[in-house]
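Reading the structure
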Amino acid sequence: MLGMFDLVKKAMFAGVGAAVITKDKVEKNLQEMVDKGKMTADEAKDLSSKIIEAGEKETEQARNEATRLFTDMLNRAQVVTQDQIESLEKRVRDLEGRWHREFPNDGES
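1. A few points about the overall build of the protein chain
Helix and strand content of the protein chain: 4 helices and 0 strands. Written out in order from the N terminus, the α and β elements of the protein chain read α-α-α-α. When each of the 109 residues of the protein chain is scored for burial, the buried share is 14%. Considering only contacts in the protein chain between residues 6 or more positions apart, those separated by 24 or more positions represent 50%.

2. As for the nonpolar core
Formed by Val26, Leu30, Val34, Met39, Ala44, Leu47 and Ile51, the largest nonpolar core amounts to 7 residues. For this core, the elements supplying multiple residues, two or more each, are helix 2 (23-35) and helix 3 (41-76).

3. As for the packing of aromatic side chains
Working definition: an aromatic ring pair is given by the centre-to-centre distance plus the angle between the planes. The full count for this structure, using the stated rule, is 1 aromatic pair. Their ring planes at 45° and their centres at 4.6 Å tell us that Trp99 and Phe103 sit as a pair that is tilted. Judged by relative accessible area, which is 44%, Trp99 ranks as partly exposed. A relative accessible area of 39% places Phe103 in the partly exposed class.

4. A word on helix 3
Compared with an ideal rise of 1.5 Å per residue, which puts 36 residues at 52 Å, helix 3 spans 52 Å between its outermost C-alpha atoms and is within 8% of the ideal. Phi turns positive one or two residues past the end of helix 3, at Gln78, with a value near 60°.

5. Re the side chain of Ser48
Tracing the chain through its elements places Ser48 in helix 3. In this view, Ser48 contacts Val26, Glu27 and Leu30; residues no more than four positions away in its chain are not counted.

6. Points about the pattern of salt bridges
Following the criterion strictly, the structure yields 5 salt bridges and no others. One salt bridge in this structure joins Glu53 and Lys57, with 3.3 Å as the shortest N-O distance. Taken as a pair, Glu53 and Lys57 lie in helix 3 at a separation of 4 residues, close to a single helical turn. With a relative accessible area of 44%, Glu53 lands in the partly exposed category. Salt-bridge contacts for Glu65 lead to Arg68; the nearest nitrogen and oxygen are separated by 2.7 Å. Here Glu65 pairs with Arg68, and both are found in helix 3, just 3 residues apart, close to one helical turn. The partly exposed category is assigned to Arg68, whose relative accessible area is 45%.

7. A look at helix 2
Taking 1.5 Å of rise per residue, 13 residues should cover 18 Å, and helix 2 covers 18 Å from first to last C-alpha, within 8% of that figure. Buried within helix 2 we find Val26, Asn29, Leu30 and Val34. Viewed end-on, helix 2 has its buried residues packed into an arc of 150°, placing them on one side of the element. Across from the buried face of helix 2, at angles greater than 90 degrees, the exposed residues are Asp24 and Asp35. Gly37 sits one or two positions beyond helix 2 and adopts a positive phi of about 80°.

Analysis parameters
- Once a new chain begins, its residue numbering starts again from 1 and follows that chain's sequence as written.
- Given that the model is predicted, a residue must reach a pLDDT of at least 70 before its local features are reported, and side-chain atom pairs must reach 80 or more before they are shown or counted; all residues, however, enter totals for whole chains, interfaces and linings.
- To get the side-chain values, take all heavy atoms of the structure and skip hydrogens and water.
- Only runs of H or I of at least four residues qualify as helices and only runs of E of at least two qualify as strands under DSSP, and these elements are numbered from the N terminus.
- Think of it in three bands: with a 1.4 Å probe and only protein chains considered, a residue is buried below 20% of the maximum accessible area for its type, exposed above 50%, and partly exposed in between.
- Pairs of residues are marked as contacts when any of their non-hydrogen atoms sit within 4.5 Å.
- Working definition of a nonpolar core: buried Ala, Val, Leu, Ile, Met, Phe, Trp, Tyr and Cys residues. They are joined through side-chain atoms within 4.5 Å.
- Classification of ring pairs rests on two measures: the distance between centres of Phe, Tyr or Trp rings, Trp counted by its six-membered ring, which must be within 6.5 Å, and the angle between planes, read as stacked under 30 degrees, edge-to-face over 60 and tilted in between.
- Every helix has an expected span of 1.5 Å times one less than the residues it contains.
- We define a salt bridge as a side-chain nitrogen of Lys or Arg found within 4 Å of a carboxyl oxygen belonging to Asp or Glu.
- Within this analysis, the arc is defined by the directions that extend from the helix axis to the C-beta atoms.

Below is the structure:
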């Protein structure tokens, strides 16, 4: 069954492209295989679930990798992110608060 899973998945990716495979497209293609007698309805249902699950995992992995690469690129380009700005603002507020507690009359006439 796993060999068939790989074969069908590769055929679908080749036919419509990984980026546009949808649950409906997977189910439609598998139903065509059922209609042609190449697999049972139960096999198609099981295979559909596996293909969709694998696609979701691959999409999540690609999203995580893209985020990591984008963050790395920003860091190398020395672009400051909103999180970094907020972190620095918090550090400045903390230091100012500490300064005013330690030297309450500093700068006053």
